[in-house]
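A look at the structure
Chain by chain, the residues:
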2 protein chains.
Amino acid sequence: MAGEAGKARTVLLATEKAFAAAAVAKIEAVTSAAGYTLKRLENYKSKAELLAAVADADAMIIRSDKVDQAVLDAASKLKIVVRAGAGYDNVDLKACEGKGVVAMNTPGQNANAVAEMVFGMMITSARNNYDGTSGFELVNRSIAFYGFGAVARAVHKLAHGFGMKSFAYDPYIPADKIKEMGATPVDSVAGLFEHQYVSLHVPLTDETKSSINKALLQKMPKGGTLINTARCEVVHDADMIEVLKTRSDFCYLCDVAPDDKEAKDAMKAAVGDKYGKRLIFTAKKMGAQTLEANDNCGVAAASQIVGFFEKGETRFSLKA
Amino acid sequence: MAGEAGKARTVLLATEKAFAAAAVAKIEAVTSAAGYTLKRLENYKSKAELLAAVADADAMIIRSDKVDQAVLDAASKLKIVVRAGAGYDNVDLKACEGKGVVAMNTPGQNANAVAEMVFGMMITSARNNYDGTSGFELVNRSIAFYGFGAVARAVHKLAHGFGMKSFAYDPYIPADKIKEMGATPVDSVAGLFEHQYVSLHVPLTDETKSSINKALLQKMPKGGTLINTARCEVVHDADMIEVLKTRSDFCYLCDVAPDDKEAKDAMKAAVGDKYGKRLIFTAKKMGAQTLEANDNCGVAAASQIVGFFEKGETRFSLKA
């Protein structure tokens, strides 16, 4: 457990790729307010530096920095390590568990980053990648969310600003709660696909894998556009290829192409010279990759450390 | 003048390139409500068809259709011709005046079309044209409008949805009016350039031509981005080339490249492989080119015709 509250602590900020100075200042404001010392190891070049620096750390904030058995062995006082960001492949959770170190990530800090990119891709598509031809506007059009978590709600907020109508289905959020948040609840996944835009915000699970199939996509009205900033594996590749081939009005906007190069190339081939208009793939998954999202994650990490020591909060702790 | 109100009238919808069916239905709803007959000559192939069709028309709605002396001579009952759109190079205003025919256009109907495209270009630039690298968000950033007419206000409305801060200077709109519309008034053109984004919404005049020069551009803070959906001639080409060359953070997002091919190529060369990120040119001027803007213009044209006959309204009449 966290141990007593109100004690002086050392929080090591270990970032091979440093946060922006403004973000560090915000992180330090949080740790200072709690009476903790922020110790900075930024842009370090060797593992040895990290091993030396963790020796007196009670807590650690990291980014893509690797926390493995060696780091944990060198960190005799460490109680908590927080990955400032969502992905945590770089943290050896089993080793943390073995050492009694709590590991956390900072989910939900990148919602607006993703939401803004969704609109960039939607407008780029609606305006034919700025090729000089006539396009259409988003105002008054419908967008339906499969999953209505933090990211979907951030997209919804922007959609409202554009004068769009929002619909949502989330198996874990009751209809009246969705209504309260300003979207019209839809009572099935299939019901979402009656709207021009469908935006996916579900995790990749056995149930969602390849679940966005031809039957759903074919239901979409003219100009039907699937937006996928979740995981490309949620979409049934072969069905998507077929729909892109047979429906010249259909669009797919996806934050990163399928890993399967053959599927990716087949999707591109299906739209031909409309790539960048009917079909947009980011070069690497990047929806969450902004200066602001990174800053938010750093501050969230510091706050979670303070909450852990002072109040025993473990909301975002990760299981091995 | 318009003649008496409450009379039956024939409105000729003469469109070589027809409106979408939904737009025509909306236009007809306006004319029917006034007791007028909408006569449709759509997708016509020869001038002879047009000359025959205008013979009994009291009013005409056109798009890029040419209204010249021959058309006016064939239209003995014509009182008003409305170009559904902003540009009116296709209407011979002198000939209209000679025949006592009022000519109008329908300005301001494309404001949202332009505004949405502005955000598409801003996000595409902020997110490095989706190349997989980390970008930044628009939230909390500042945008300053040079000119605060219909288009600027539509951009401002979307900016508000993105959580941006708006500033504006317009020599014809008093500061308190700007404040009332939700932007912070700025008291000089130079003052606008203290903000990260500056969006141009001024007409091309002797005064504005080449007025956006190095002195102004160099004042812009880090990440300074000029957005030009007005006229590219407002920007001083040589100065822009120099700023793009010397400031690697500077961006220019422009609805259509300069006519001067040499200037255009020099701007592209200045940013190198950052074209599409730091510098975006549309292939043809297209900010106003959307389905919705065109529809809006058609309905506005019909409404202006009714207002003219029934109430003698001549607000958007054009001078030869």
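The name that an unreviewed UniProt entry assigns to chain A is Phosphoglycerate dehydrogenase, with the source organism given as Polarella glacialis.

Right, let's talk about the UniProt feature "domain: D-isomer specific 2-hydroxyacid dehydrogenase catalytic" (unreviewed entry) in chain A for a bit. As recorded in UniProt, the sites labelled "domain: D-isomer specific 2-hydroxyacid dehydrogenase catalytic" (unreviewed entry) are residues 42-315 of chain A. Summarising residues 42-315 of chain A: 39% helix, 15% strand, and an end-to-end C-alpha distance of 27 Å.

It is worth spelling out the nonpolar core at this point. The biggest cluster of nonpolar side chains holds 63 residues, and the ones touching the most others in it are Phe119, Met122 and Leu138 of chain A together with Phe119 and Met122 of chain B. At the level of elements, α5 (111-126), β6 (142-146) and α6 (150-161) of chain A together with α5 (111-126), β6 (142-146) and α6 (150-161) of chain B are the ones that each hand at least two residues to this core. Sequence-distant contacts of Leu138 of chain A, defined by excluding residues within four places in its chain, comprise Phe119, Met122, Ile123, Ala126, Phe162, Met164 and Tyr197 of chain A together with Glu116 of chain B.

Moving on, we get to the interface of chain B and chain A. Many authors give the size of an interface as the accessible area that is lost as the parts come together. Of the residues lining the interface, 38 residues belong to chain B; the matching set on chain A comes to 38 residues. Carbon and sulfur atoms make up 54% of the surface buried where chain B meets chain A, a total of about 3,100 Å² over both sides. On inspection of chain B and its partner chain A, the count reaches two salt bridges. Between Glu292 of chain A and Arg141 of chain B there is a salt bridge, with its nearest N and O atoms 2.5 Å apart. If you look at where chain B meets chain A, you find 33 residue pairs in polar contact (both at pLDDT 80 or more). Breaking the side of chain B that touches chain A down by element, the ones donating at least two residues are α5, α6 and α12 (291-311) of chain B. If you tally residues by element for the side of chain B that touches chain A, the top one is α5 of chain B, at nine residues.

Residues and elements named next belong to chain B. Judged by pairing direction, the sheet is parallel, and its seven strands sit side by side in the order β8-β7-β6-β9-β10-β11-β12 without closing on themselves. In this open sheet, the two strands that pair with only one neighbour each are β8 (184-185) and β12 (279-281). Across three bridges, the pairing between strand β11 (residues 251-254) and β12 is parallel. Residue pairing across strands places Cys254 opposite Phe281, the latter belonging to β12. Along the sheet, α5 contacts β6, β9 (197-200), β10 (225-228), β11 and β12; its crossing angle with β11, the most-contacted strand, is approximately 150 degrees. Contacts from helix α11 (residues 261-271) reach β11 and β12, with the element oriented near 145 degrees to β12.

Parameters at a glance
- Residues numbered from 1 in each chain as written.
- Chains lettered and ligands numbered in written order.
- Predicted model: local features only at pLDDT ≥ 70, side-chain atom pairs only at ≥ 80, totals over all residues.
- Heavy atoms only, no water.
- UniProt positions renumbered as here; feature names shortened; annotations may be inferred.
- Helix = DSSP H or I, 4+ residues; strand = E, 2+ residues; numbered from the N terminus.
- Core = buried A, V, L, I, M, F, W, Y, C linked by side-chain atoms within 4.5 Å.
- Buried < 20%, exposed > 50% of the residue type's maximum accessible area, 1.4 Å probe, protein only.
- Contact = heavy atoms within 4.5 Å.
- Buried area = accessible area lost by both parts, 1.4 Å probe.
- Salt bridge = Lys/Arg side-chain N within 4 Å of Asp/Glu carboxyl O.
- Polar contact = N/O pair within 3.5 Å; in protein donor to acceptor, adjacent residues only side chain to side chain.
- Pairing = 2+ DSSP bridges.
- Axes fitted to C-alpha atoms, helices over the stretch in contact; angles between N-to-C directions.

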